[in-house]
Amino acid sequence: DGGITQSPKYLFRKEGQNVTLSCEQNLNHDAMYWYRQDPGQGLRLIYYSQIVNDFQKGDIAEGYSVSREKKESFPLTVTSAQKNPTAFYLCASRGGGRIYAGELFFGEGSRLTVL
Amino acid sequence: AQTVTQSQPEMSVQEAETVTLSCTYDTSESNYYLFWYKQPPSRQMILVIRQEAYKQQNATENRFSVNFQKAAKSFSLKISDSQLGDTAMYFCAFEGQAGGTSYGKLTFGQGTILTVHP
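Worth saying up front: this structure is predicted, and the values here are computed from it rather than measured.

Draft legend 1. Just the nonpolar core, in detail. Formed by 25 residues in total, the largest nonpolar core has its most connected members in Y25, W36, F75, L77 and Y90 of chain B. Top element by residues in this core is strand β10 (residues 88–96) of chain B. It accounts for four residues. Listed in part, the 19 residues of the second largest apolar core include L43, L90 and A92 of chain A together with M45 of chain B.

Draft legend 2. Inspection of the sheet that holds strand β8 (residues 76–78) of chain A at higher detail. All names here are of chain A. Spatially, the four strands line up as an open sheet ordered β1-β3-β8-β7, and their pairing is antiparallel. Strands at the two margins of the open sheet, each flanked by one partner only, are β1 (4–7) and β7 (64–66). Direction aside, neighbouring strands of the sheet carry axes that sit 20 degrees apart on average. Of the strand pairs in this sheet, β7 and β8 are connected by three bridges, and their pairing is antiparallel. When the bridges of β8 are listed, Y64 appears paired with V78.

Draft legend 3. Looking closely at the interface of chain B and chain A. Every contact between the two is made by 23 residues of chain B and, on the other side, 24 residues of chain A. Between chain B and chain A, the buried area comes to about 2,000 Å², and carbon and sulfur atoms account for 52% of it. For chain B, the biggest contributors to the area lost against chain A are R43, Y103 and F108 of chain B; these three give 25% of the whole. At the boundary of chain B and chain A, one finds one salt bridge. Residue E95 of chain B is joined to R94 of chain A by a salt bridge in which the shortest nitrogen-to-oxygen separation is 2.8 Å.

Draft legend 4. Structural context of the pattern of salt bridges. All names here are of chain A. In total, this model carries nine salt bridges over all chains according to the counting rule given. For R36, the salt bridge is made with D38, and the minimal N-O distance between the two is 2.7 Å. Of the two residues, R36 and D38, neither departs from the other in class, the shared state being buried. Between D38 and R44 there is a salt bridge whose closest N-O contact spans 2.8 Å. Residue D38 is classed as buried on the basis of its relative accessible area of 10%. A relative accessible area of 26% means that R44 is categorised as partly exposed. Where salt bridges share partners, they join R36, D38 and R44 into one cluster.

Draft legend 5. Region of interest: a nonpolar patch on the surface. Residue and element names in this part refer to chain A. Nonpolar side chains collect at one region of the surface, where Y10, F12 and L115 lie side by side and expose about 420 Å² of accessible area between them. Assignment of secondary structure puts F12 in strand β2 (residues 10–13). F12 gets classed as exposed once you look at its relative accessible area, which sits at 55%.

Draft legend 6. Structural context of unusual backbone geometry. Residue P8 of chain A is bonded to the preceding S7 of chain A through a cis peptide linkage, with omega at -10 degrees. We note that N53 of chain A has phi near 65 degrees; this positive angle belongs to a residue other than glycine. Topologically, N53 of chain A is positioned in the loop between β5 (42–51) and β6 (54–57). In this structure N53 of chain A comes out as exposed when scored by relative accessible area, which is 62%. Backbone geometry places D81 of chain B, a non-glycine residue, at a positive phi of 50 degrees. Here D81 of chain B is to be found in the loop between β9 (74–79) and β10.

Rules of the game
- Residues numbered from 1 in each chain as written.
- Chains lettered and ligands numbered in written order.
- Predicted model: local features only at pLDDT ≥ 70, side-chain atom pairs only at ≥ 80, totals over all residues.
- Heavy atoms only, no water.
- Core = buried A, V, L, I, M, F, W, Y, C linked by side-chain atoms within 4.5 Å.
- Buried < 20%, exposed > 50% of the residue type's maximum accessible area, 1.4 Å probe, protein only.
- Helix = DSSP H or I, 4+ residues; strand = E, 2+ residues; numbered from the N terminus.
- Pairing = 2+ DSSP bridges.
- Axes fitted to C-alpha atoms, helices over the stretch in contact; angles between N-to-C directions.
- Contact = heavy atoms within 4.5 Å.
- Buried area = accessible area lost by both parts, 1.4 Å probe.
- Salt bridge = Lys/Arg side-chain N within 4 Å of Asp/Glu carboxyl O.
- Patch = residues over 30% accessible without salt bridge, like charges linked within 9 Å, V, L, I, M, F, W, Y side chains within 5 Å.
- Areas by Shrake-Rupley, 256 points an atom, 1.4 Å probe, with all protein chains shown as cover.

Next up, the structure:
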């Protein structure tokens, strides 16, 4: 089935460690996104990519990094510089090009807990 | 910058009844889209309904409809004949179109937890 796969679903990290969250899609979508979800704050955009080998910072990019070497993959690294990394992370993708405000397809999310 | 406000942290409704979730937004853009997304307890977020700002007619998808008041910058979601499967967190979201281009940069509200009781 087509969709977005995020892994791992749960991740525990010690302070000072970098961790990488995986996001893979087989929907042939050009655009991919990373959102952070915190209770009472909704979703906030971390990074987004409209095309392979190109990505832009979202509203809360500090302490995070991404890469987009393949159309299907958009991994997110939470670095030790992120001061409050404990959160639920959602990856999404969208097709249709830049003039189409269509549906975002989301993965099931990854919950990161810093110990 | 755009802001999206959902003033109802939690709502509840009896099965088969109607419930309305509120959403207001603030923007200076003239072209934009508004969305309602649903996040069930399983956590995978899905699109419920979408409204183009240039369309005066309110969007409808089966039991889900919106009341879009552009001048008041209000975008409420009405769920008719509520079902147990409607229990979820609902997010209102805004996407501006600068120069006719969408980048998928959505601004989300804080969410409303809806519980449907049998």
